Amino acid sequence: MLVAQISDPHIRPAGELYQGVVDSNRMFGDAIRHVLGLDRRPDLVLLTGDLVDEGTPEEYEMARHLLSALTIPYLVIPGNHDQRDAFRVAFADCTYIPTSGALHYCIDDYPVRIIALDSCVPGRHHGDVDAAGLAWLRRTLQANPSKPTLLMLHHPPFASGIPYMDLYRYLEPGPLEAIVRSFENVEAVLCGHVHRVMLRRWGGTIVCSCPSSTTEIALRLARDAAPASYLGPPACMLHLWDERHGLVSHLSHMGQYEGPYPFA
């Protein structure tokens, strides 16, 4: 099974730029074309939050227009820039989206089970999952404790070391970590939010964050670092799983580069 992951496109209304600088809509269209042009067609695409920038109906209308070009099944979760009610309305035809409350759901139609966890706190930018959501996660994992599982949420459940991102990280990940650690079948936890690739051992598994299709958050580790971003390089993640070898994750850069050359 091949799973593509795209994150943090920050889609804007038609004709508007992200942060007044970046054509995030065009870049999301490029990301879709990139995934469709891979030499192996993914079975599923995961979109791990911040689909739009301000959570407006106009942005979601543009998001659905752009997603109409994606001829591969996809699953979406919100990020801190999304607005839960508008998100729910925009994806009302996606039967996996809950009709009320947090947008947790489980898809068990593939060789790898996908569990989506809504880590957003309405009106705030940090991540958290309340007691009811954690209880739902435990019950969902217990329903089939042996099936290979990917858990996706927007906020990575650890500090990145980038001070201006850690201000609104997943603030209290201990209860979530305890649940994940108690199940051996969680192949990986897949996140967005930081616009960068990060890997960390956590909860007895691996957490992997996905780059943005739009901008890259600057890697500034000084405690007094000022927020900054770069225009590129955009990328997505490809998560390849098979029964014999398990899961391996690859960074897939988008764009045109010199090559290919006949050596490896």
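Details of the structure are given in the entry above.
Let me begin by describing the structure that accompanies this report. Since this is a predicted model, take the numbers as computed values, not measurements.

The rules we used
Residues numbered from 1 in each chain as written. Predicted model: local features only at pLDDT ≥ 70, side-chain atom pairs only at ≥ 80, totals over all residues. Heavy atoms only, no water. 1 Å grid on protein atoms, 1.4 Å probe; cavity = no way out; pocket = protein on both sides within 12 Å on 5 of 7 lines; lining within 4 Å. Points joined across faces, edges and corners; volume = space filled by probe spheres on them. Nonpolar A, V, L, I, M, F, W, Y, C, P; charged D, E, K, R; others polar. Axes fitted to C-alpha atoms, helices over the stretch in contact; angles between N-to-C directions. Helix = DSSP H or I, 4+ residues; strand = E, 2+ residues; numbered from the N terminus. Parallel < 35°, antiparallel > 145°, perpendicular 65-115°, else oblique. Left-handed = near helix turned anticlockwise from the far one by under 90°. Contact = heavy atoms within 4.5 Å. Pairing = 2+ DSSP bridges. Phe/Tyr/Trp six-rings, centres within 6.5 Å; stacked < 30°, edge-to-face > 60°. Buried < 20%, exposed > 50% of the residue type's maximum accessible area, 1.4 Å probe, protein only. Right-handed = clockwise from strand over helix to strand, strands pointing away.

A short note on empty space enclosed by the protein
Inspection of every chain in the model, using the stated rule, returns one cavity of 30 Å³ or more. Across the lining of the largest cavity, the residue classes break down as four nonpolar, two polar and two charged.

Quick look at the packing of helix H1 (residues 24-36) against helix H2 (residues 57-67)
Angle between the axes and distance between the axes: these two values describe a pair of packed helices. Running from N to C, H1 and H2 point in directions that differ by 30°, and their axes come no closer than 10 Å. Judged by the angle between their axes, H1 and H2 are roughly parallel. Judged by the sense of rotation from one axis to the other, the crossing of H1 with H2 is right-handed. In this structure, H1 uses Asn25, Phe28 and Ile32 to contact H2, whose residues at the interface are Met62, Leu66 and Leu67. The residue makeup of the contact of H1 with H2, split by class, is five nonpolar, one polar and no charged.

A closer look at the packing of helix H4 (residues 131-142) against helix H6 (residues 174-181)
Where H4 meets H6, the closest approach of the two axes is 10 Å, and the angle between their N-to-C directions is 5°. Here H4 is positioned roughly parallel relative to H6, judged by the angle of their axes. Of the residues in H6, those touching H4 at Leu134, Leu137, Arg138 and Leu141 are Pro175, Leu176 and Ile179. Here the contact of H4 with H6 is composed, by residue class, of six nonpolar, no polar and one charged.

Comments concerning the pairing of strand S8 (residues 198-202)
Sheet topology note: the S8/strand S9 (residues 205-209) ladder contains five bridges and is antiparallel. Bridge pairing in S9 links Arg201 to Ile206. Between the end of S8 and the start of S9, which pair antiparallel, lie two residues, with Gly203 showing a positive phi angle near 60°.

So, the packing of aromatic side chains
Tallied over the entire structure, the rule returns four aromatic pairs. Taken together, a centroid distance of 5.0 Å and an interplanar angle of 40° make the contact between Phe87 and Phe91 tilted. Note on Tyr96 and Tyr105: the rings are 4.7 Å apart at their centroids and 45° apart in plane angle, and the pair reads as tilted. The class for Tyr105 is buried, based on a relative accessible area of 4%. Pairwise contacts between aromatic rings join Tyr60, Phe87 and Phe91 into one cluster.

Describing the pairing of strand S1 (residues 2-6)
Burial of S1 is extensive: five of the five residues sit out of reach of the surface. Because side chains alternate across S1, one face comprises the buried residues Leu2, Ala4 and Ile6, and the other comprises Val3 and Gln5, equally buried. Two elements, S1 and strand S12 (residues 235-242), share four bridges in a ladder whose sense is antiparallel. Opposite Val3, over in S12, you have His239 as the bridge partner. Where S1 and strand S2 (residues 44-48) come together, four bridges link them in parallel fashion. Following the sheet pairing, Ala4 is matched in S2 by Val45. Since S1 and S2 lie parallel, the crossover through H1 that links them has a hand, and here it is right-handed.

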